[in-house]
Every structure is written in C-alpha cells, then in structure tokens.
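Observations on the three-dimensional arrangement
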Amino acid sequence: MNAPREPQVTARDRIVAMLRTDPADVGCGHFFELLDQYVELVVAGEDAEEYLPGVRAHLEACGPCAEDYRGLLAAVSGQDN
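All residue numbers refer to position in the chain's written sequence, counted from 1. Note on the predicted model: pLDDT of at least 70 is required for a residue's local features to be given, and 80 or more for side-chain atom pairs to be given and counted; whole-chain, interface and lining totals, by contrast, use all residues. Heavy atoms from the whole structure form the basis of all side-chain values; hydrogens and water molecules are not counted.

Some words on helix 2 (residues 27-43)
Stated precisely, the cut-off is as follows: Helix numbering and strand numbering both begin at the N terminus, where a helix is a DSSP run of H or I of at least 4 residues and a strand a DSSP run of E of at least 2. To estimate how far a helix should extend, the number of its residues minus one is multiplied by 1.5 Å. Here the bend at a residue is taken as the angle between two axes, fitted respectively to the seven residues that end there and the seven that start there. Burial here depends on accessible area, computed with a 1.4 Å probe over protein chains only, as a share of the maximum for the residue type. Under 20% is buried, over 50% is exposed, and the range in between is partly exposed. Residue contacts follow a heavy-atom distance rule, with two residues in contact if any of their heavy atoms lie within 4.5 Å.
Over its 17 residues, helix 2 runs 22 Å from end to end, which matches the ideal 24 Å to within 8%, given 1.5 Å per residue. The principal kink in helix 2, of about 50 degrees, is found at leucine 34. For helix 2, the full list of buried residues reads Phe31, Leu34, Leu35, Tyr38, Val39 and Leu41. The inward-facing, buried residues of helix 2 abut helix 3 (48-51), helix 4 (55-61) and helix 5 (63-77). Just downstream of helix 2, glycine 45 is the residue with a positive phi angle, here 80 degrees.

Structure representation (structure tokens):
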C-alpha cells in the first residue's frame, strides 16, 4: 500500500501566493515591532486596526505570526491557549 504523496509546491504556486498578499500586510518584521502595542489595544477593547493598519491583514496571511499573537493575547488577558 502506497502512502499518499504530499502535494508538490511549484514556483508557480509560490508566485500566486505572493500575488495574493494583501498590499496592506505589514510583513513579519514590522508585525513583531507592533505586536505588543496591537495586543494592548485589543485587550483595551480598542479598534487596533484603526491605530495600527495592516496588522490584521498580516495576521490573516501568516499562520506563525497569528499563533504568536494568540499566545501573547492569551498571556496578557490571563486566558489559556
């Protein structure tokens, strides 16, 4: 019995993914500079995206950064992950 193969990610797949990136996305580097401020705004009930535009777009596009955000948010708000 053959195990199912993982789908191959082609250069075309990578280009299509890049082109789908929201131009408002702040990127990983800038995201980490803003993460603590963004979490503080969310915890305070503020519209964080209004003050720090592009962070939400990045969270929707980048799984690892979204995981870091959820972890910091849980830690700051005293919730379990």
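Right, picking up where we left off after that structure.
Considering helix 5
Between its terminal C-alpha atoms helix 5 stretches 21 Å, which fits the 21 Å expected from 15 residues at 1.5 Å a residue. When we look at burial in helix 5, the residues that qualify are Cys65, Ala66, Tyr69, Leu73 and Ala74. Summarising the contacts, the buried residues of helix 5 are in contact with helix 2 and helix 4. Backbone geometry just downstream of helix 5 places glycine 78 in the positive-phi region, at approximately 75 degrees.

What to know about the nonpolar core
Selection criterion: To qualify as a nonpolar core, a set must consist of buried Ala, Val, Leu, Ile, Met, Phe, Trp, Tyr and Cys residues joined through side-chain atoms within 4.5 Å.
Core analysis: the largest hydrophobic core is formed by 16 residues, its most contacted members being Phe31, Tyr38, Leu52, Val55, Leu59 and Tyr69. Listed by contribution, the elements that provide at least two residues to this core are helix 2, helix 4 and helix 5. Sort the elements by how many residues they give to this core and helix 2 lands first, with six residues. With sequence-adjacent residues up to four places away left out, tyrosine 38 is seen in contact with Ala48, Glu49, Leu52, Val55, Arg56, Leu59 and Tyr69.

With respect to the side chain of histidine 58
Selection rule: Each polar contact in these results corresponds to two N or O atoms within 3.5 Å; when the atoms are within protein, one needs to be able to donate a hydrogen and the other to accept it, and residues that are neighboring in sequence are counted only if both atoms are side-chain atoms.
The topology assignment puts histidine 58 in helix 4. A distance of 2.6 Å separates a polar atom in the side chain of histidine 58 from a polar atom in the side chain of aspartate 25.

Let's talk about the side chain of aspartate 25
Threshold: Charge assignment in this entry is limited to Lys and Arg as positive and Asp and Glu as negative, and neither His nor the chain termini are counted. Only one rule defines a salt bridge in this text: a Lys or Arg side-chain nitrogen within 4 Å of an Asp or Glu carboxyl oxygen.
On the secondary structure map, aspartate 25 appears in the loop between helix 1 (11-19) and helix 2. Despite its burial, aspartate 25 remains without a salt bridge, the nearest opposite charge being carried by arginine 56 at 11 Å. For aspartate 25, the residues in contact, after removing those within four places along its chain, are Gly54, Ala57, His58 and Ala61.

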